[in-house]
Every structure is written in structure tokens, then in C-alpha cells.
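Reading the structure
Single-letter residue listing:
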Amino acid sequence: MSSFEKVNYNLRPNKSIERKMMLEAFSRLTYISHFDDYRYIGFGSAYFSDFILFHRYLGLQDMISIEKEKDKKPRFDFNLPYFGIEMKYGESTTILPNLGLEEKKSIIWLDYDDKLSDFMLSDIDTVVFNSKPGTFFTVSFSIEQDAKPADSDLTIKEYRLNEFKKRVGDHQLPIESMDLNFNTKNLGETSYKIISRQISSSLINRNGSSTTRISFKQLFNFRYRDNANIMTIGGLIVSPQLEKSLKKMNFENLSFIRGKEDSYKIECPNLTFREVKALDTALPSSLETNASGFKNERLRQIPLLQRDIKNYAKIYRYYPSFAETNM
Amino acid sequence: MSKPKTFLVDADPAKGFFVSMLVKDITLKDAIGDLVDNSVDAIKEKSDNSGLSQYHIKIDMDSKTFSITDNGYGMESEVARKTAFNFGKSDQHQLVDYSIGQFGIGMKRAFFKIGKNISVFSKAPSSQFKIDIDVLEWLTKPKEWKFHFNKDSLKENIKNSKSDTCFKVNIKDLNADAQVSFGDPKFIDSLIKEIALEHMLNINKGLRISVNNIDLPTNLISLVNNDSIKPAYFEEEKNGLKVKILAGISDYNADDGGWYVFCNERLILAKDTSAATVWTGTRGDGVPLWHSQYYRFRGFVFFEANDSSKLPWNTTKTGMDVDSPAYKNVRGKMISMTREVLGLLDKLKDEKTKDNPEENRTLNKMVDSSLKQKSEVSKILNEVTASHSSFQYPVELYNPPRKTNVVKISYQVSKNEFEPVSDHLGSKTPKDVGLKTFKYFYENEL
């Protein structure tokens, strides 16, 4: 079963927050050019949550969804939320090189369900090597540690190393990581390292001996957990001509922007509607505390853990509102 | 008195052309490999047989500089003067026994490949010196092929303590490709992996090699070696060239299988699955092309020669000299030893066909459990008693599927028809549904 059949995508609160944060960052691309000049490329699955959000709020018209499960075509076609979305059936590895990435600026979100694997690195290479400067490129993948089957003779450390090697190949694994136990933390850190090495290597090849240096400005490094631990890395493909617009976009003033190996952790607390309402009326606010709790009177009145309130304050503008509806 | 100028022909190759040709045929990794080989030679010249654990080769590089330092024997000023900085070695050059840096051109070629500002410092038992080379300036002097010791740096007929000897190379003003690659973490990573493989035998003996402060890991190579499965072995010495060959099986692994060929302990071919060793395909003189059935195969060849010019490798040490009679002869041996092992691997595949139930695959079971009893290759080599032994395995366990009175039925139905039937039968697999529906027909309709 594919992951879209296991979980209702609409009910992944942390992912939904991530999506809205991404939306806020993408909206600043207008400093480069109008969204009419942009195209969205993603994996819409059967829910198309990202497509709906970006069409509604950015007005993106040109949208392509890559879908590998050809045999479920009728179901995907049935669920297309807007007429303008073009479905491309096949593996991302063969679809991406045929999209003319060098001709039109894109917002690309390769939202893989799986752990980092060799084919993803070749997708990253395709995008970074070819995409028109101004393209915003994001990739999400699982960093959930491998659970060792009961009948394996290996130690947990050996098992995880083997599985990781099987997915990415011996040669991709950085030599200094060979001794690690690939629990979620180390799997995340090493996956990050492999991806940033792939990006810099693709750029070296792309730039060759040419004098205009194309670079990658990393802006996203999210981690969150709904049912599995997920990592998202993203950023802008920049040419020297875009440096000025990059300054104007002023990404640094968005709290969730991360340009290096440390991640922004999205931790959405589980709250009732009443709690959400009460919190919202108190925010934005200083989160300073003293011996009796928050200095802010309104926040202090709310019977929640300080940690949950602080986590909520970080993400309240993006907090999803789920309700059962009859639509 | 000067000669009449009209009779002089300028036979000097243009230096610039010469240098650019020299570096075209070598990769950056191989250039660095050459410098490492020289360091290994210097270390072996200094070491006794007690292992290499007090020796260290330190390599550091970034997009601006490159350096390599070792605490080996150093280079005597006399060697530098007469041979090491010459283009091509003179006949008088005394090679270190069992050396791997035999072509003379390697060190200079590596310098030119990497950068334009080179500084060499050497401290040997009875002399020390420093040489600075500014390549661009050197190229402007068409007839001069010499390098000069730095003034005041040269000291000869001295006694340096054995623990102090060393050799250091620093290179600045890197060439464009070196600037790019040395700043690329992926390049550094694959360089580390390559050197770690090439010098695995020395690293296993304790030699420390580090690149940007990362110690190169040990690579252990091992084969199944127990009472029932024993690798094939062959050794021989001819005209000062010694060869030892081992062939057998190990883990089922696409990345590690194939032939490994060492020359004076330096790995020349790693995990080779090409026609350069034995995998020519059935139309060639070797064995069938490498494929998954052979992933367990491992073969190891160790060439050793006191005089390294007898080793059958190519000048860049990236492969074998396939035309050399010595290698041809050994390759023939490798082919027949490979065939011995493939005999077992073919039988394993036969046994594994679908219609042979798991419990009947006795040879496979035996081989799977034998993987827990692997021995390190160096240990196997120490234990050999005969100069030649064939590959051994318990052939009596081979239990191929018998052609019995069974027929195979295969058909397809639509999912919509299949689902209610499988639900009704409570069966999960199509195979089970097929068997149950056939059984029902057989019992009720006949």
C-alpha cells in the first residue's frame, strides 16, 4: 500500500504547518518575478494538498504532478482539484529530465515518502544541474531509523548501516559516518551531509569553467514527526544577477529559515479548539516567564504546559484547523 | 670557441608542451596516489619487520593548498641530485626493494598536475635539503631541466637521528582542476576510499594514513575457510616475480565481488569484474560475464618482486599490463581457478529454482551457514602448506530439483473476479487461491 492509502494527508498537522511555512517563503519569490513566470512541480498523490494551497494563495497556474503509480491513474485523475494540473505518470528520475527545467523557473517540491535513496540523489542532480536560476528547490524524505527484524543475526548498528548502504550505495556514504549507529538523529545528519555534498558536486559540474557561478542558497531545513520522522531541505538556485533580489526577499526575518545543518523542528501540540482560541487571543506576545509562569496574564490563565504554549506560539499562524465536515 | 649556429638543431621538446602532455594522462587521484606510493616506499625503507604502526602519512588539502608529509626514510640529497628530480630515471638509480614507485616520472608528474608552486623538504639519515619550484618561472627557461636546492638548506655528511627523518611536500597556486576538486567534499571522500583500498595491506599492518585529519579505515578482506569449504590456492616464483593466487567465496554482495590484484602490496585492480581479469563472456577466453549469480566470488592475486620493474602493471598503476607474458600466464591460472569456484556457484543457483522446496536446498544451506566462518586473507596465506590446492566444497550435498510427475499451471484473472474468491477461501496469496480452486474442482467435479 502506498502512504497516501495509509494516512489521510489532510490529517498530518506538522506537515500541514510545514506546507504553510513553505508557502510564506515562496510568496517572496515575487521579488524575482511574477508567479505567471513560475511553474510548480510536485508529487500531488491523491490529495493534492500542496497543489491546492499554492494555486489558491500564489495563483500558480502551470502545475505538474509526477505520479509513479500508473495503475491507479483513474483515481488520481478523478481527484484532480483544478483543471490546470498536468499529470505525468512515471518515475521522477525519468520525468524530471524531460520537463525543460532550464527554460522556466520552477518551484519544485520532491516530497518522497521513503528514506534517502540513490534515485533521489540523481533527481537532485537533475534539478540542480539544469534548473533555471530563480528556481526554488525542496526535497522531503523520511529519516525514521530502521527497525531490525527479529530473525536478523546482525547487531542493530550493523543492520542499520547495511540498510543505509543498500539504499544509497557504498560510495555515497561519507567515510566519517561509517561507524555511526544510524538512529533517527544520525540518519538525519548523514542524509543532510550526503544531500549537501550532492548539491555542491552538481553545481561544480554545472559551473564547469564558466565565469557565472550558479549557487544554492539553502533556506529550509525542517524536521518533524507525524507518523514518521521527516526531514525537508530546500533553497533557491541563484545566479549572480539574482543576488540583489535575494537581499530584498529578506528570508532571514522568517523564524523558520535555516541555512545550515541545524534543523528547525516543527512540534505541533495537540490542542482543543477552545485552547486554540484562547491562545490566539493572547498572541503574538512575549514568552518571558517568572516564578509564577508566563508574564503575560492571558497566557498564564491557560491551563496548558509551558512547553506546549511555547511550541504553539512558534507556529500559531500556521496551525491547522481540522474539523469534521460534510462537504 | 662556439660552434657555427646554423648546424644546430633544437631538439629540446618545448617544456610547456612536455608538461601538459605529462599531466594529461593522469587523474588528480592517481597523482596523489603516486605521492602516497613514494611515501610508502620511504616508510618501508626505514621499517624493519615489526609492523608499520609508528608510521604516518598525513595529507591535507583544500581549494588553496595541498600537502603530504611522511616520517619515512626521507630522500638523500644524492638521490635528489642524480635521479628523483630527473625526468626519467637513470640506470644507476637504486630502487628500494619491493618498491611501488618505480617509474621515476611519478613524483614530478604529480607536482605538475597539482599546482605551480612546489616546496619539498627532506631529512634523510645523512643529508637534508629543501627545493622550491616555481613552475611558471621554470617553464620560461627552455633549456634548463634542473631544479636547485635552496641556498643554505643543503646539509650533507651529517647524522640525523632515525626518529627524525621525514619528507614533506607543500603545493600552492593550485591548478584550476585541483582547486575545484580539492574543495569538493565528494572528491575528498572518494579519494579517501580509493587510497584506503589501494593500501589496505599496509594499513592492516598498522600504517596510519590520514586525509584532512580523517584516518583511513581498515578494509578487511576475507574468504570462507572451514573444514568443508576451502579456497583454491596457487603460488609460483619465476625470474624474480613471485605470485600467490587465492580464489573462493564470501558474502553475497554486488559491491565487493570480483578479482583483487596487488603488486608489492599495493592494490592495482579492485573488485574487478571485467575482461582485464577473467570475465570475458562465453565468447572470450575467460568465464561468463559477471552477474548476480557470481556475487559471492572473491579472488586475490599477490605479485611480489624485489625489483619492481618486473611487476606486470601499467605506468599509472591503474591496471595490469595485459600484454606482458608474466601476466598472461597468471591470468590463465586465474581463469581456471575462477571456473572451479563458479562450479559451486552454478550448483547453488540450480538448487535455488522455484520448484525445489527450501528444505531440499542442502548445498545452499551449507554455504549460508559457512559465511560465519570466514578467515582474513592474510591469515589464510600464512597457513597454506602446499604450493597448489584446488577449491573444495561438499559436492555431495548438491541436491538439484528432480524432474518429477508435476505440471505447472499458470493463468491470469481480473482483480474484480479474484477478490471475492480469495475472500471466500480466506486465502491471501494468488498461489493459494489457485491451489484451492484446483483441489475443489478435482474433488468435486471428477
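Higher on the page you've got the structure.
Per chain, the residues get numbers from 1 upward, laid out in the order the sequence is written. By the order in which they are written, chains take letters starting at A while ligands take numbers starting at 1. Per-residue local features of the predicted model are confined to residues with pLDDT of at least 70, and side-chain atom pairs are confined, for both listing and counting, to 80 or more; whole-chain, interface and lining totals are unaffected and use all residues. To obtain the side-chain values, all non-hydrogen atoms of the structure were included, while hydrogens and water were left out.

1. Overview of the overall build of chain A
- Strands are runs of DSSP state E lasting at least 2 residues, helices are runs of H or I lasting at least 4, and numbering of each runs from the N terminus. Of regular secondary structure, chain A possesses twelve helices and ten strands.
- The globule rule used here is 2.2 Å times the number of residues to the 0.38 power, and the radius of gyration it is set against is calculated over C-alpha atoms. Its C-alpha atoms give chain A a radius of gyration of 21 Å, near enough to 20 Å, the size a compact globule of 327 residues would have.
- Projected onto the principal axes, the alpha-carbon positions of chain A cover approximately 60 × 55 × 45 Å.
- Relative accessibility decides the category of a residue: with a 1.4 Å probe and only protein chains considered, values under 20% of the type maximum give buried, values over 50% give exposed, and everything between is partly exposed. When the 327 residues of chain A are sorted by exposure, 52% land in the buried category.

2. Comments concerning the overall build of chain B
- Helices and strands together make up the secondary structure of chain B, namely 13 helices and 16 strands.
- Principal-axis analysis of the C-alpha atoms places the extent of chain B at approximately 120 × 55 × 50 Å.
- Within chain B, the proportion of its 446 residues that are buried is 44%.
- Whether two residues touch is decided by their heavy atoms; if any such pair falls within 4.5 Å, the residues are in contact. Across chain B, contacts joining residues at least 24 apart in sequence account for 71% of those joining residues at least 6 apart.
- Here chain B displays about 24100 Å² of accessible surface, and carbon together with sulfur accounts for 51% of that area. The accessible surface values rely on the Shrake-Rupley method and a 1.4 Å probe; as for residues, cover is taken only from the protein chains in view.

3. Considering the pairing of strand β13 (residues 266-272) of chain B
All names here are of chain B.
- The buried fraction of β13 is high, at five of seven residues.
- For strand β12 (residues 258-263) and β13, the ladder comprises four bridges, and the chain directions are antiparallel. Directly across from Val-261, in β13, lies its bridge partner Leu-269.
- Note on pairing: two strands pair once DSSP finds at least 2 bridges between them. Hairpin connection of β12 to β13: two residues between the antiparallel strands, including Asn-264 at a positive phi of 45 degrees.

4. Quick word on the sheet that holds β12 of chain B
Residue and element names in this part refer to chain B.
- If you trace the six strands from one edge of the open sheet to the other, you get β13-β12-β14-β11-β10-β16, paired in mixed fashion. Single-partner strands in this sheet number two, and they are β13 and β16 (388-389).
- Relative to β16, strand β10 (residues 232-238) is paired through two bridges, and the arrangement is antiparallel. Residue pairing for β16: Tyr-233 is matched across the bridge by Ser-389.
- Only C-alpha atoms enter the line fits that serve as axes; for helices the fit covers just the stretch in contact. Angles between N-to-C directions range over 0 to 180 degrees. Relative to the sheet, helix α9 (residues 325-351) contacts β10, β11 (241-249), β12 and β14 (297-305), its axis offset from that of β11 by approximately 15 degrees.

5. Some words on the interface of chain B and chain A
- The interface of chain B with chain A comprises twelve residues on the first partner and 14 residues on the second.
- Accessible area that two parts lose when put together, with a 1.4 Å probe and added across both, is what the buried area reports. Ranking the residues of chain B by area buried against chain A places Lys-186, Asp-189 and Lys-193 of chain B at the top, with a combined share of 46%.
- Salt bridges, as used here, are contacts in which a Lys or Arg side-chain nitrogen is within 4 Å of a carboxyl oxygen on Asp or Glu. The interface formed by chain B and chain A contains two salt bridges.
- For Asp-153 of chain A, the salt bridge is made with Lys-372 of chain B, and the minimal N-O distance between the two is 3.7 Å.
- By the criterion applied in these results, polar contacts are pairs of N or O atoms within 3.5 Å in which, for protein atoms, one can donate a hydrogen and the other can accept it, and in which residues neighboring in sequence qualify only through two side-chain atoms. Counting the contacts that link chain B with chain A gives six residue pairs in polar contact (both at pLDDT 80 or more).
- A per-element tally of the side of chain B that touches chain A places helix α7 (residues 185-198) of chain B first, with five residues.
- Any residue outside Ala, Val, Leu, Ile, Met, Phe, Trp, Tyr, Cys, Pro, Asp, Glu, Lys and Arg is labelled polar, Gly included; the first ten of those are nonpolar and the last four are charged. Across the side of chain B that touches chain A, the residue classes break down as five nonpolar, no polar and seven charged.

6. Quick notes on helix α2 (residues 28-46) of chain B
- Helix span, as expected, comes to 1.5 Å for every residue beyond the first. Taking 1.5 Å per residue as the helical rise, α2 of chain B with its 19 residues ought to reach 27 Å, and the 28 Å between its terminal C-alpha atoms agrees with that figure.
- Summarising burial for α2 of chain B: 15 of the 19 residues are buried, a large majority.

7. Some details on the sheet that holds strand β7 (residues 208-211) of chain B
All names here are of chain B.
- Across the sheet, which stays open at both edges, the eight strands sit in the order β5-β4-β3-β6-β2-β1-β7-β8 with mixed pairing between neighbours. Looking along the sheet, the strands with just one partner apiece sit at the ends: β5 (155-156) and β8 (214-215).
- In terms of strand pairing, strand β4 (residues 127-134) meets β5 through two bridges, oriented antiparallel. Each residue of the ladder has a partner; that of Ser-127, found in β5, is Glu-156.
- Sheet contacts for helix α4 (residues 106-114): β2 (66-70), β3 (115-123) and β6 (166-174); angle to β3, the most-contacted strand, approximately 140 degrees.

8. Some thoughts on empty space enclosed by the protein
All names here are of chain B.
- Cavities and pockets were defined on a 1 Å grid built over protein atoms only: a cavity is a set of grid points that admits a 1.4 Å probe from which the probe cannot escape, a pocket is an open set flanked by protein on both sides within 12 Å along at least five of seven lines, and lining residues are those with an atom within 4 Å of any such point. Grid points are joined across faces, edges and corners, and a volume is the space filled by probe spheres set on the points. Per the counting criterion, the structure on display carries one cavity of 30 Å³ or more.
- Computed from the structure, the largest cavity encloses a volume of approximately 40 Å³.
- In terms of lining residues, the largest cavity is bounded by Asp-30, Gly-33, Asp-34, Glu-198, Arg-266, Thr-316, Lys-317 and Thr-318.
- In terms of residues, the lining of the largest cavity owes the most to one element, α2, which gives three residues.

9. Describing the side chain of Ser-375 of chain B
Residue and element names in this part refer to chain B.
- Secondary-structure assignment places Ser-375 in strand β15 (residues 374-376).
- Ser-375 sits in the buried class, given a relative accessible area of 11%.
- Not counting residues within four places of it along the chain, the set of residues in contact with Ser-375 comprises Ile-221, Ser-222, Leu-223, Asn-225 and Ile-380.

10. Side note on the environment of Phe-35 of chain A
Residue and element names in this part refer to chain A.
- Tracing the backbone through its elements, the reader meets Phe-35 in the loop between α2 (13-26) and β1 (38-42).
- Along the primary structure Phe-35 and Val-128 are separated by 93 residues, whereas in three dimensions their C-alpha atoms are 21 Å apart.
- Beyond its immediate chain neighbours, meaning those up to four positions away, Phe-35 contacts Phe-26, Ser-27, Leu-29, Thr-30, Leu-58, Leu-60 and Ile-107.

11. Let's talk about α2 of chain A
- Over its 14 residues, α2 of chain A extends 20 Å from the first C-alpha to the last, a length consistent with the 20 Å expected when each residue adds 1.5 Å.
- Counting buried residues in α2 of chain A gives 13 out of 14 residues, a clear majority hidden from the surface.

12. Description of a nonpolar patch on the surface
- On the surface, Ile-409, Tyr-411, Val-413, Phe-438, Phe-441, Tyr-442 and Leu-446 of chain B cluster together into a nonpolar patch covering about 850 Å² of accessible area.
- Note that Val-413 of chain B resides in the loop between β16 and α12 (415-425). A residue counts toward a patch only above 30% relative accessible area and without a salt bridge, and it is joined to like-charged neighbours within 9 Å or, for Val, Leu, Ile, Met, Phe, Trp and Tyr, to nonpolar neighbours within 5 Å.

13. Digging into the layout of surface pockets
- Of the pockets and cavities examined, the largest pocket occupies roughly 2300 Å³.
- Residue lining of the largest pocket: 49 residues in total, with Asn-162 and Lys-165 of chain A together with Asp-251, Asn-253 and Asp-256 of chain B positioned closest to the centre.
- Contributing elements (two or more residues each) for the lining of the largest pocket: α7 (156-168) of chain A together with α7, β8, β14 and β15 of chain B.
- Broken down by element, the residue count for the lining of the largest pocket peaks at eight residues, all from α7 of chain A.
- Grouping the constituent residues of the lining of the largest pocket by class yields 18 nonpolar, ten polar and 21 charged.
- When its volume is computed, the second largest pocket comes out at roughly 1300 Å³.

Honestly, it's all geometry; don't read function into it.
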